[in-house]
Amino acid sequence: MPHRDFEVTDELADALDEVIRERNVVSLYQPIFDISNHELSREDFPIVAYEALARGPHGSPLESPEMLFGTARATGRLVELDWVCRAAAVVGAMDAGLKAPFTLFCNMEPEAIDSPPPVGLGDIWERAKNSLRVMTEITERVMTLRPAELLASAGVIRDLGWGIALDDVGAEPASLALMPFLDPDVIKLDLRVIQDTPTEDLAEVVNAVNAEAERSHLTILSEGIETEEHERTSLAFGATLGQGWLYRKPEPLPTPLPATTKSVQLLGRKLAARQARVSRIVGTMLSIRTAAKPILHSMSRHLETQARTLGETAVLLAIFEHAQFFTGATKARYEQLAREIAFVGVIAPGMAPDPAEGVRGANIDPHDELHDQWGIAVVAPHFAGAFVARPTGDRSASDDQRQFEFALTYNRENVVETARNMMSKITPHVSGATL
């Protein structure tokens with residue numbers, strides 16, 4: 001599907017076909033430095049990692065990454081190109097002997113996050129699994145496009161002993177809202193956060209990132225450091241790792257590699273184990289209560305209001321007993337929420353993938369752990385709240401007399417686990433994908 005902002009000529013399409021067919025991608029590597037020791041001179045900062053950066057063939061119309069990836073996205077070949085670039089990155093690293101404690105930062109495009117390797121590249125990827133220490137870079141666009149696939153793939157990445165870096169944090173408000181769902185090892189501050197004049201919006205980014213770092217012990221990496229002022233700003237914003245032209249431009253890996261004893265921290269999280277069952281959270285809360293539906297409806301509306309107040313850095317996920325309850329005024333409210341916050345998802349038996357404008361949906365069957373539940377979870381950098389309920393008593397009673405057991409919690413860990421469980425059900429948003 002052509003991209004409306006990128007015009008593809010026959011020359012570009014033919015050049016891309018040759019790049020993919022011949023796997024003719026050049027991988028350059030930009031070093032990542034530990035900049036945390038203020039007593040060291042800049043020349044003595046240790047290199048702890050390298051980020052692989054893809055380039056097209058030298059002298060070709062696709063040499064620049066903008067032209068290379070723009071052409072692939074516009075022609076629907078981004079998944080193929082992504083795998084060629086990944087293979088070039090790991091082959092170059094393995095050939096240079098880039099082993100632990102060094103870490104290789106490797107980008108993955110959203111549309112390709114869960115795709116299998118093409119024929120001929122599987123063996124390369126298997127060798128990389130056994131010989132490299134990899135930090136997979138993912139943008140917030142993956143979560144908004146393919147949340148269920150991302151959470152599943154993130155579990156596989158963790159099982160390999162690799163890490164996850166959330167890239168371009170601060171470029172879009174959604175990146176702040178989605179940090180807790182991915183539970184990354186590293187947050188990469190977008191270069192605009194470091195290079196722009198400080199504003200209240202930038203302060204919101206810094207406060208949110210540092211709050212997440214304090215809670216989960218992740219590492220903050222600042223990219224785009226080009227001046228001493230950028231470096232001072234990065235340190236003030238909590239970064240302990242840095243990369244940019246102030247230190248070194250992207251280039252082939254050196255021979256021999258520099259000596260290092262430091263490494264990027266891998267937190268070793270297991271996301272699958274942290275996707276808590278909603279029923280477990282309800283069942284283990286100390287304050288299980290019973291109430292009629294109108295009371296719980298008011299609680300749900302209050303959390304919706306909280307999400308709207310939090311704005312673009314909030315995520316809201318809701319479970320309904322059935323899609324029939326997501327109609328009329330409820331549907332209109334959620335459409336409005338989707339215009340005001342980062343992500344809105346709804347889950348219910350019979351729910352469509354796109355049940356309302358801007359709202360993502362998931363259909364669940366009677367065997368799903370979320371079946372017969374009703375609730376809502378709101379997560380933002382400085383707020384987390386959820387209520388989850390299940391019907392009890394006489395189900396033939398009139399709607400306003402129906403009784404529910406419910407739990408209400410503002411415990412961030414419980415709320416994030418509940419929300420992550422809901423998010424893992426959301427189906428792919430296919431209208432913008434190039435598969």
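Shown above is the structure to which this text applies.
Since this is a predicted model, take the numbers as computed values, not measurements.

**Student:** Talk me through unusual backbone geometry; I want residue IDs and the actual numbers.
**Tutor:** Note that the residue after Ala 100, namely Pro 101, is joined by a cis bond; omega there is 15 degrees. Residue position: Pro 101 is located in the loop between helix 3 (78-95) and strand 3 (103-107). The omega angle of the peptide bond from Thr 255 to Pro 256 is -5 degrees, so this bond is cis rather than trans. Within the secondary structure, Pro 256 sits in the loop between strand 8 (241-242) and helix 12 (271-274). A positive phi angle, close to 55 degrees, is found at Asp 183, a residue other than glycine.

**Student:** Before we move on, can you summarise the packing of helix 14 (residues 293-310) against helix 15 (residues 328-340) with the specific residues and values?
**Tutor:** Viewed as axis vectors pointing N to C, helix 14 and helix 15 meet at an angle of 25 degrees, and their least axial separation amounts to 10 Å. It follows from the interaxial angle that helix 14 and helix 15 lie roughly parallel. You can see that helix 14 and helix 15 cross each other, and the crossing is left-handed. Facing His 297, Arg 301, Glu 304, Ala 307 and Arg 308 of helix 14, the residues of helix 15 in contact are Arg 333, Tyr 334, Gln 336, Leu 337 and Glu 340. Broken down by class, the residue content of the contact of helix 14 with helix 15 amounts to three nonpolar, two polar and five charged.

**Student:** Can you tell me about the nonpolar core, naming the residues and giving the values?
**Tutor:** Counting 81 residues, the largest nonpolar core has Phe 181, Val 209, Leu 317 and Met 423 as its most contacted members. The greatest single-element share of this core, amounting to seven residues, is contributed by helix 3. If we ignore the near neighbours within four places in the chain, the residues touching Leu 317 are Phe 181, Phe 343, Gly 345, Gly 375, Ile 376, Ala 377, Ala 419, Met 422, Met 423 and Ile 426. Listed in part, the 29 residues of the second largest apolar core include Ala 318, Phe 320, Tyr 334 and Met 351.

**Student:** Kindly report on the packing of aromatic side chains, identifying the contributing residues and their values.
**Tutor:** Evaluated as defined, the whole model comprises 11 aromatic pairs. Taking the centre distance of 6.3 Å and the plane angle of 65 degrees together, the rings of Phe 45 and Tyr 247 count as edge-to-face. Remark: Tyr 247 occurs in the loop between strand 8 and helix 12 and Phe 45 occurs in the loop between strand 1 (26-34) and strand 2 (47-55); sequence separation between them is 202 residues. Both residues of the pair, Phe 45 and Tyr 247, belong to the buried class. Geometrically, the ring pair formed by Trp 374 and Phe 404 is edge-to-face, given 5.3 Å between the ring centres and 65 degrees between the ring planes. With Trp 374 in strand 13 (residues 374-380) and Phe 404 in strand 15 (residues 403-409), the pair connects residues that are 30 residues apart, well separated along the chain. Phe 404 carries the same exposure label as Trp 374, and that label is buried. Through pairs of rings, three or more aromatic residues link up here, namely Phe 33, Phe 45 and Tyr 247. It is Arg 86 that lies over the ring of Trp 125; its NZ or CZ is 5.6 Å from the centre. Cation over ring: Lys 249 sits above Trp 245, and NZ or CZ is 4.5 Å from the ring centre.

**Student:** How would you explain helix 11 (residues 228-236) if you had to name every residue and give the values?
**Tutor:** Buried within helix 11 are the following residues: His 230, Glu 231, Thr 233 and Ser 234. Relative to the axis of helix 11, the buried residues are bounded by an arc of 165 degrees and lie together on one face. Residues of helix 11 that are buried sit in contact with helix 9 (191-195) and strand 7 (219-222). Of the residues flanking the end of helix 11, it is Gly 238, one or two places downstream, whose phi is positive at about 95 degrees.

**Student:** Provide a residue-level description of the pairing of strand 10 (residues 315-319), including the pertinent values.
**Tutor:** Judged by how many residues are buried, strand 10 sits mostly within the fold: five of five residues are covered. The alternating pattern of strand 10 places Val 315, Leu 317 and Ile 319 on one face and Leu 316 and Ala 318 on the opposite face, and all of these are buried. The pairing of strand 10 with strand 11 (residues 343-348) spans five bridges and is classified as parallel. Looking across to strand 11, one finds that Ile 319 is bridged to Ile 347. In this fold, strand 10 hands off to helix 15, which returns the chain to strand 11; that crossover is right-handed. Bridge count for strand 10 against strand 13 is five bridges, and the pairing is antiparallel.

**Student:** Could you give an account of helix 16 (residues 412-423), with specific residues and numbers?
**Tutor:** An α-helical segment advances 3.6 residues per turn. Residues three or four places apart therefore align on the same side. The end-to-end C-alpha distance of helix 16, which contains 12 residues, comes to 16 Å, matching closely the 16 Å that a straight helix rising 1.5 Å per residue would cover. By the criterion of burial, helix 16 is predominantly enclosed, with 11 of the 12 residues buried. Those residues of helix 16 that sit buried are Arg 412, Asn 414, Val 415, Val 416, Glu 417, Thr 418, Ala 419, Arg 420, Asn 421, Met 422 and Met 423. The distance from a side-chain oxygen at the start of helix 16 to the backbone nitrogen of Glu 413 is 3.1 Å, and the residue carrying that oxygen is Asn 411.

**Student:** I'd like to hear about the sheet that holds strand 10, residue by residue, with values.
**Tutor:** Taking strand neighbours across the sheet as the criterion, the seven strands line up as 9-15-14-13-10-11-12 in an open arrangement whose pairing is mixed. Each edge of the open sheet is held by one strand with a lone partner, namely strand 9 (289-292) and strand 12 (360-363). The sheet shows a mean angle of 20 degrees between the axes of neighbouring strands, direction not considered. Helix 15 contacts strand 10, strand 11 and strand 13 of the sheet and is inclined by roughly 145 degrees relative to strand 11.

**Student:** Can you break down the pattern of salt bridges residue by residue, with the values?
**Tutor:** With the rule as written, the count across this model stands at 26 salt bridges. The partner of Arg 21 in a salt bridge is Glu 22, with the nearest N and O atoms 3.5 Å apart. Between Asp 34 and Lys 262 there is a salt bridge, with its nearest N and O atoms 2.5 Å apart. Of this pair, Asp 34 sits in strand 1 while Lys 262 sits in the loop between strand 8 and helix 12, and the two are 228 residues apart along the sequence. Assessed through its relative accessible area of 37%, Lys 262 is described here as partly exposed. In the salt-bridge network here, residues are joined through shared partners; they are Asp 17, Arg 21, Glu 22, Arg 77 and Glu 80.

**Student:** Quick rundown of the sheet that holds strand 8? Include the residues and the values.
**Tutor:** Pairing is mixed in the closed barrel, where eight strands are placed in the order 1-2-3-4-5-6-7-8. Of the strand pairs in this sheet, strand 6 (residues 186-189) and strand 7 are connected by four bridges, and their pairing is parallel. Across the sheet, the residue bridging to Lys 188 is Leu 221, located in strand 7. Strands strand 1, strand 2 and strand 3 of the sheet are contacted by helix 3, whose axis makes an angle of about 170 degrees with strand 3. Packed on one face of the sheet, helix 6 (residues 147-159) meets strand 4 (134-138) and strand 5 (163-169) and runs near 135 degrees to strand 5.

Analysis parameters
Each chain has its residues counted from 1, following the order in which its sequence is written. Local features are withheld for residues below a pLDDT of 70 in this predicted model, meaning they are given only at 70 or higher, and side-chain atom pairs are given and counted only at 80 or more; totals for whole chains, interfaces and linings count all residues. Note: side-chain values were computed over all heavy atoms of the structure, leaving out hydrogens and water. Each helix is a run of H or I in the DSSP string that is no shorter than four residues. Each strand is a run of E no shorter than two, and both are numbered from the N terminus. All axes here are fitted lines through C-alpha atoms, helices being fitted over the stretch that makes contact, and every angle between N-to-C directions spans 0 to 180 degrees. By definition in this entry, angles of less than 35 degrees are roughly parallel, angles greater than 145 are roughly antiparallel, angles of 65 to 115 are roughly perpendicular, and the rest are oblique. Here is the rule for handedness: rotate from the far helix to the near one, and if that takes an anticlockwise turn smaller than a right angle the crossing is left-handed, while a clockwise turn gives right-handed. In what follows, residue pairs with any heavy atoms lying within 4.5 Å of each other are defined as contacts. Each residue receives one of three labels: charged for Asp, Glu, Lys and Arg, nonpolar for Ala, Val, Leu, Ile, Met, Phe, Trp, Tyr, Cys and Pro, and polar for the others, Gly being one of them. Throughout, nonpolar core names a set of buried Ala, Val, Leu, Ile, Met, Phe, Trp, Tyr and Cys residues whose side chains join them through atoms within 4.5 Å. Buried residues are those whose accessible area, probed at 1.4 Å on protein chains only, stays under 20% of the maximum for their type, while exposed residues exceed 50% and partly exposed ones sit between those limits. Centres within 6.5 Å make a pair out of two Phe, Tyr or Trp rings, where for Trp the six-membered ring is used; the pair is then stacked when the planes are under 30 degrees apart, edge-to-face when over 60, and tilted otherwise. Criterion for a charge above a ring: Arg CZ or Lys NZ at most 6 Å from the ring centre, at most 35 degrees from the ring normal. Taking the helix axis as origin, the arc is that swept by the directions to the C-beta atoms. Here the rule is simple: two strands pair whenever DSSP picks up at least two bridges between them. Whether a crossover is right-handed comes down to one check: with the strands pointing away from the viewer, does the path from the first strand over the helix to the second run clockwise; if it does, it is right-handed. Expected span of a helix, by definition, is 1.5 Å for each gap between consecutive residues, and there is one gap fewer than residues. Between N or O atoms, a polar contact is any pair within 3.5 Å; within protein, one atom must be a potential hydrogen donor and the other a potential acceptor, and residues adjacent in sequence are included only when both atoms are from side chains. We count a salt bridge whenever a side-chain nitrogen from Lys or Arg sits within 4 Å of a carboxyl oxygen from Asp or Glu.

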